[in-house]
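Structural features, examined
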Amino acid sequence: MGWDGWVVQGESDRQRDVWDVESLAGHLLPAGSVFRFLAEHRDRLFPDALFADLFASGRGRPSIPAGVVASVIVLQSLQGLSDREAVDALTFDLRWKAACGFPVDARGFDSSSLTYWRKRLAASERPHRIFEVVREVIAETGAVKGRTRRALDSTILDDAVARQDTVTQLIAQIRRVGREVPDAAGVIAERCTRLSALTGQGYDSPGKPRIAWDDAEARDGLVSVLVNDALALLDGLDVEAITERGGKPAEAVALLALVAGQDVEPADGSDGTDGRWRIARRVAPERVISTVDPEARHARKTVERRQDGFKAHVVIEPDTGLATVVELTKAAGPGNGDAAVGARLVVVDPTVTGPVEVLGDSAYATGDMLHVLDQKQWTPLVKPWPLKPAVDGGFTIDDFTHDPATGTLTCPAGATRKITGKGSVTFGAACRGCPLRGQCTTATGGRSIQLHEYHALQREHRRRAAQDGFQAVYRQHRPMVERTIAWLTRGNRRLRYRGVTKNNTWLHHRAAAINLRRMVALGLNLDNGAWALA
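Every chain begins its residue count from 1, and numbering advances along the sequence as written. Only residues with pLDDT of at least 70 are given local features in this predicted model, and only at 80 or more are side-chain atom pairs given and counted; all residues enter the totals for whole chains, interfaces and linings. Where side-chain values are given, they derive from all heavy atoms of the structure, hydrogens and water being excluded.

On to helix α8 (residues 166-180). Numbering of helices and strands starts at the N terminus; helices are DSSP runs of H or I of at least 4 residues and strands are runs of E of at least 2. Take the number of residues in a helix, subtract one, and multiply by 1.5 Å to get its expected span. Taking 1.5 Å of rise per residue, 15 residues should cover 21 Å, and α8 covers 21 Å from first to last C-alpha, within 8% of that figure. Residues of α8 that are buried include every one of T166, V167, Q169, L170, I171, Q173, I174, R176, V177 and G178, and no others. Residues adjacent in sequence count toward polar contacts only when both atoms are side-chain atoms; beyond that, a polar contact is any pair of N or O atoms within 3.5 Å, and within protein one must be able to donate a hydrogen and the other to accept it. At the N-terminal end of α8, a side-chain oxygen is found 3.3 Å from the backbone nitrogen of V167, two or three residues along, and the residue is D165. Throughout, exposure labels follow a simple rule: accessible area from a 1.4 Å probe, protein chains only, divided by the maximum for the residue type, with under 20% read as buried, over 50% as exposed, and the rest as partly exposed.

It is the contact of helix α7 (residues 129-141) with helix α18 (residues 500-521), at a shortest axis distance of 8 Å, that shows an interaxial angle of 30°. The orientation of α7 relative to α18 falls into the category roughly parallel. Considering how the two elements wind past one another, α7 and α18 form a crossing that is left-handed. Between α7 and α18, the contacting residues are I130, F131, V134, V137, I138 and T141 on the first element and H508, H509, A511, A512, N515, L516 and M519 on the second. Taken together, the residues that form the contact of α7 with α18 break down as 9 nonpolar, 4 polar and no charged. Here the axes come from fitting lines to C-alpha atoms, over the contacting stretch only for helices, and the angles between their N-to-C directions go from 0 to 180 degrees. Throughout, the term roughly parallel applies to angles under 35 degrees, roughly antiparallel to angles over 145, roughly perpendicular to angles from 65 to 115, and oblique to all others. A crossing counts as left-handed when the near helix is turned anticlockwise from the far one by less than a right angle, and as right-handed when that turn is clockwise. Any two residues having at least one pair of non-hydrogen atoms within 4.5 Å are treated as being in contact. When residue character is reported, Ala, Val, Leu, Ile, Met, Phe, Trp, Tyr, Cys and Pro are called nonpolar, Asp, Glu, Lys and Arg charged, and the others, Gly included, polar.

All right, on to the pairing of strand β17 (residues 530-533) then. Walk down a regular strand and you will see the side chains alternate between the two sheet faces. Where strand β16 (residues 524-527) and β17 come together, 4 bridges link them in antiparallel fashion. Looking at the pairing, L524 lines up with L533 of β17. Count of turn residues in the β16/β17 antiparallel hairpin: 2 residues, of which N528 carries a positive phi of about 55°. In this analysis, strands are considered paired if DSSP registers two or more bridges between them.

Our focus in this paragraph is the layout of surface pockets. Put simply, the largest pocket is a space of about 940 Å³. Together, 32 residues line the largest pocket, and E295, R498, G499, T501 and K502 are the ones closest to its centre. Among the secondary structure elements, those contributing two or more residues to the lining of the largest pocket are α3 (66-79), α6 (112-122), α8, α13 (247-262) and α18. When grouped by side-chain class, the residues that make up the lining of the largest pocket number 12 nonpolar, 9 polar and 11 charged. By volume, the second largest pocket amounts to about 620 Å³. Take the lining of the second largest pocket: its biggest share by element is 4 residues, from strand β7 (residues 306-317). Tallied by class, the residues present in the lining of the second largest pocket amount to 10 nonpolar, 4 polar and 12 charged. Cavities and pockets are defined on a 1 Å grid built over the protein atoms alone: a cavity is a set of grid points where a 1.4 Å probe fits but cannot escape, while a pocket is an open set with protein on both sides within 12 Å along at least five of seven lines, and lining residues are those with an atom within 4 Å of any such point. Grid points are joined across faces, edges and corners, and a volume is the space filled by probe spheres set on the points.

If you want it as structure tokens, here you go:
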């Protein structure tokens, strides 16, 4: 057992200190503020028993009381502070002292304690319990009871690291393998000599290699030697054995293999076997943008706006603006799209007790999302994808008549064709001499159509979305959804941590703090021992 195993949970002292800030100046705390609410109810909101499983051994020195740490985490997340700034606030800000139950003359605990607690929470079966507790309070008050709408939205959060170019990534990762893989330093010295031969600098030299950066040929030459050095290093290691043992060495080797191939392609006139490479004329799907945080990704929320980082997904009750489910994912890649994550989150929202209307923009209008909602018998109020005709101003898919019963599709000219098992339809010869062909297709072989698995759901959804009532409901509730996203990101657009797991924990704590502030503003209080809204 490590040293951190010899710790027991601290307990809140029911006997107040003579210099207790709440006793001395609690009346100065603004009514309806999170500070006052925590000062009065933190032990009820975050009882010691809630965190007892984090210190199961029952042996060792007492840790900080759970209510204190949870309150500090909530206030830290609310104000967007670093660990050191949060502890300074606990030491010098009387509002923080009152909220956390600290005497006037008490010094805050060491900032590393917050890291320690987050580590314990992450390793537990309920890593997001602070968010869950606040959500339970929301449910107990009935704030979202009987509300039959949920809105889905997402936003890009900037990562905590700098984007690295291909050259920087290759050099940094070769160095990392040399540090973390046993005996790799010797392999680098023996096999990775091309960089030194080209520039006079080895992998232990700081800064970028000295080359004529304005010369495209020189840049391609540098990329070639770096890729070949990386491949030589991988060839000189027992990658299979390293991978089998796992841990940081395996992660370092895997990442080197990835960055050595994601951004390069054979140079002009090369077949890929002569060791000549260049930067690829395209961006690799799900490209790793930094070896410091391999989970950060390129993202594009709109055509004009590009960012690097992660994506925060939120399920919102649009009348109150409360976030009922949140999750942070990579900003791109399989399974991380808005519709895929949104469908997964909304169906596990514990505050939903019956059929609901699900609101969202066009990113959520996929066939798979509509299928999920149809299976739940929930109503989608998501903006449909715009239809693109094959010919500008011509016919769209909705101008074709779909008959699910017979499995056929009929074109605007009246030609009917069978839909194959894979959803494809080819009109072919029917397009020859067709007077409507100029409005339908430019393909020499005639019009071909690929139907989605849930085409019928998509078509019906587009029909309903054209009705006035659909647009009215969407527009009525959209402003509150935007406001919740603004609350979540104000002053906190840039993340403080690396990787999905740590930043997902931060997102849950941030959402818990925003929800608590919102509930306090709505009149949250204790009424005969039960949470209620005034």
